[in-house]
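Analysis of the macromolecular model
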Amino acid sequence: MSDEKKVPYVDLPAHYAGMRQEILDILDRMHAQGRFILRGEVAEFETAMGGYLGVPHVVGVNSGTDALFLALHALGVGPGDEVITVAHTFVATVAAIVHHGATPVLIDIGADHNLDPARLEAAITPRTKAVIPVHMNGRMCDMAAILAIARRHGLKVVEDTAQGLGAKRDGRMAGTVGDIGCFSLHPMKNLSVGGDGGFITTRDPALDATLRCLRNHGQRSKDDLACFGFNSRLDNIHAAVALAKLPHLPRWLERRRALASRYSEALAGVGDLCLSARPRPETDGPYDVFSSYVITSGVRDALVAHLRASGIEIFIHWQVPLHRQPGLRLGGCSLPNTEALSRNVFSLPVQPELSDQDQSVVIDAVRAFFRK
Ligand SMILES: *Cc1c(COP(=O)(O)O)cnc(C)c1O
């Protein structure tokens with residue numbers, strides 16, 4: 001086994017190899033010219049990303065986590081407010097709520113592993129201020145249904161699009177339909193920089209102005225302080241790298257979809273596997289971008305152990321849902337779908353650098369497990 005080739009979940013060295021000279025040139029130019037903090041590259045990236053997403057305002061920040069934090073801050077979320085979201089998400093979604101002194105109200109997911117709009121209305125109280133749908137695994141939530149309910153109740157909508165950059169549904173891009181969209185440029189995401197990074201989108205010029213102040217110590221300009229803010233800026237080097245990578249994003253997403261398509265074909269009917277919905281043509285369904293290729297199986301733990309022993313890196317999000325983490329003290333709610341998923345969910349490598357041969361290794365290993 002040790003002489004077998006490993007199949008990584010995300011192959012960051014291979015990803016770098018494809019961009020190496022361009023990134024080295026950026027690092028050299030930024031250091032040689034001392035261009036580090038809020039120089040032209042940040043604005044250039046914001047304009048280019050706005051063009052890609054079709055949204056007028058993009059604010060570069062230092063992480064998806066701070067994007068969520070600043071979004072709730074700009075919307076005035078505070079003590080006494082309730083914010084509805086899911087437990088099937090990365091902890092940062094809920095942390096942004098808790099760090100404002102507000103109460104997270106966690107509701108269950110639907111068959112798409114995203115916030116179930118059918119459960120949203122029952123969770124709304126007079127204290128509810130906002131809802132945070134999370135576009136998990138590169139699949140956009142049913143935003144039409146969520147927005148209709150939110151508008152009826154006067155709720156703000158913040159889209160956690162950390163995993164959903166490039167996803168579409170009903171002709172709209174994830175992160176551009178609510179009041180604010182929050183994105184991550186973390187190395188594990190579909191568009192990544194050499195460290196932490198993120199950005200925020202909005203169609204509202206007033207929110208844009210507020211977010212720009214908040215990310216930069218509350219400064220409207222050097223001697224004009226609008227409020228107490230934070231140091232949440234997107235570094236210039238990261239902005240330049242994201243700008244260089246952005247033109248490649250559509251091709252990378254198509255590669256993810258092609259890999260996902262092949263998994264769905266090759267693994268259909270194998271064992272008890274329940275596969276991600278196949279990517280469908282944009283015109284007749286959602287455009288999923290497969291930040292993860294998610295499978296569920298009743299024998300998850302044995303199957304994952306077998307795949308890992310075969311040298312295949314597997315990711316599980318997540319084995320303990322947030323409301324079952326004792327340290328977070330979110331207990332009390334019962335979320336049957338979320339809890340069931342945590343027992344049988346796992347993800348296969350689906351990154352754009354995965355070769356056809358390595359994908360065959362993964363497929364063969366899954367099939368071999370169920371032949372035993
Ligand atoms: C990664 C992620 C975040 C946080 O993004 P960072 O850039 O790592 O801070 C938030 N929400 C979800 C759903 C994520 O997957």
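Look a little higher up for the structure.
Below is a short write-up of the structure. Treat the numbers as computed from the prediction; the structure is a model and nothing was measured.

**Brief notes about the overall build of the chain**
Along the chain, the regular secondary structure elements total 13 helices and 14 strands. The C-alpha radius of gyration of the chain comes to 21 Å, within 12% of the 21 Å expected for a compact globule of 372 residues. A principal-axis box enclosing the C-alpha atoms of the chain has dimensions of 70 × 55 × 40 Å. With 372 residues in all, the chain has 55% of them scored as buried. In the chain, of all internal contacts separated by at least 6 residues, the share reaching a separation of at least 24 is 70%. Accessible surface, the chain: about 15600 Å² in total, of which carbon and sulfur atoms supply 54%.

**Topic: the site of the ligand**
With respect to spatial proximity, 16 residues lie near the ligand, and among them G64, T65, D160, S184 and K189 are the closest. Measuring from an oxygen atom of the ligand, one finds a side-chain N or O atom of Q163 at 2.9 Å. Relative to its unbound accessible area of 380 Å², the ligand is 94% covered by the protein chains. Counted by class, the shell around the ligand contains five nonpolar, nine polar and two charged residues.

**A look at helix 2 (residues 20-33)**
Think of an α-helix as 3.6 residues a turn; residues three or four steps apart then line up on the same face. Here helix 2 contains 14 residues, and its C-alpha end-to-end distance of 20 Å stays within 8% of the 20 Å for a straight helix at 1.5 Å per residue. For helix 2, every residue scored as buried is listed here: I23, I26 and M30. Taken around the axis of helix 2, the buried residues stretch over an arc of 55°, which confines them to a single face. Exposed residues pointing more than 90 degrees away from the buried face of helix 2 are listed as D28 and A32. On the buried face of helix 2, the contacting elements are helix 1 (12-17), helix 3 (40-53) and helix 9 (236-245). Looking at the residues trailing helix 2, positive phi occurs at G34, about 65°.

**Quick notes on the packing of helix 2 against helix 9**
It is at 10 Å that the axes of helix 2 and helix 9 come closest, and there the two elements cross at 150°. One way to sum up the angle between helix 2 and helix 9 is to call them roughly antiparallel. For helix 2 against helix 9, the interelement crossing comes out right-handed. Residues E22, I23, I26, L27, M30 and H31 of helix 2 lie in contact with helix 9, whose contacting residues are N236, I237, A240, V241, A244 and K245. Across the contact of helix 2 with helix 9, the residue classes tally to eight nonpolar, two polar and two charged.

**Re the side chain of S192**
Along the chain, the position of S192 falls in the loop between strand 8 (180-184) and strand 9 (198-202). Judged by its relative accessible area of 5%, S192 falls in the buried class. Discounting residues that sit within four places of it in the chain, S192 has contacts with H15, L185, H186, P187, V241 and K245.

**Some points on the pattern of salt bridges**
As enumerated under the stated definition, the model contains 13 salt bridges in all. Note that E46 is salt-bridged to R212, the shortest N-O span being 3.1 Å. Here E46 is found in helix 3, whereas its partner R212 is found in helix 8 (residues 205-215), with 166 residues between them in sequence. Using a relative accessible area of 26% as the deciding quantity, one classes R212 as partly exposed. The closest approach of N and O atoms between R151 and D179, which form a salt bridge, is 3.4 Å. Placement of R151 in helix 7 (residues 143-152) and of D179 in the loop between strand 7 (172-173) and strand 8 is noted, with a sequence separation of 28 residues between them. R151 gets classed as partly exposed once you look at its relative accessible area, which sits at 45%.

**Overview of the pairing of strand 9**
Two faces make up the sheet, and in a regular strand the side chains alternate between them. Of all five residues in strand 9, five are buried, a share of seventy percent or more. Judged by which residues are buried, strand 9 turns out to be covered on both faces: G198, I200 and T202 on one side and F199 and T201 on the other are all buried. Where strand 1 (residues 57-61) lies against strand 9, five bridges are found, and the strand directions are antiparallel. Paired with G60 across the two strands is F199, which belongs to strand 9.

**Focus on the nonpolar core**
Core analysis: the largest hydrophobic core is formed by 83 residues, its most contacted members being M49, F199, L307, F346 and L348. No other element matches helix 10 (residues 249-266), which puts seven residues into this core. Each residue touching F346, except ones within four places of it in the same chain, is listed here: L273, Y293, V294, I295, S297, R300, L303, V304, L307, I314, F315 and I316. Counting 25 residues, the second-largest nonpolar core is a separate cluster that includes V61, L68, A71 and A96.

Cut-off values and rules
- Residues numbered from 1 in each chain as written.
- Predicted model: local features only at pLDDT ≥ 70, side-chain atom pairs only at ≥ 80, totals over all residues.
- Heavy atoms only, no water.
- Helix = DSSP H or I, 4+ residues; strand = E, 2+ residues; numbered from the N terminus.
- Rg over C-alpha atoms; globule rule 2.2 N^0.38 Å.
- Buried < 20%, exposed > 50% of the residue type's maximum accessible area, 1.4 Å probe, protein only.
- Contact = heavy atoms within 4.5 Å.
- Areas by Shrake-Rupley, 256 points an atom, 1.4 Å probe, with all protein chains shown as cover.
- Near = heavy atom within 4 Å.
- Polar contact = N/O pair within 3.5 Å; in protein donor to acceptor, adjacent residues only side chain to side chain.
- Nonpolar A, V, L, I, M, F, W, Y, C, P; charged D, E, K, R; others polar.
- Expected span 1.5 Å × (residues − 1).
- Arc of directions from axis to C-beta.
- Axes fitted to C-alpha atoms, helices over the stretch in contact; angles between N-to-C directions.
- Parallel < 35°, antiparallel > 145°, perpendicular 65-115°, else oblique.
- Left-handed = near helix turned anticlockwise from the far one by under 90°.
- Salt bridge = Lys/Arg side-chain N within 4 Å of Asp/Glu carboxyl O.
- Pairing = 2+ DSSP bridges.
- Core = buried A, V, L, I, M, F, W, Y, C linked by side-chain atoms within 4.5 Å.

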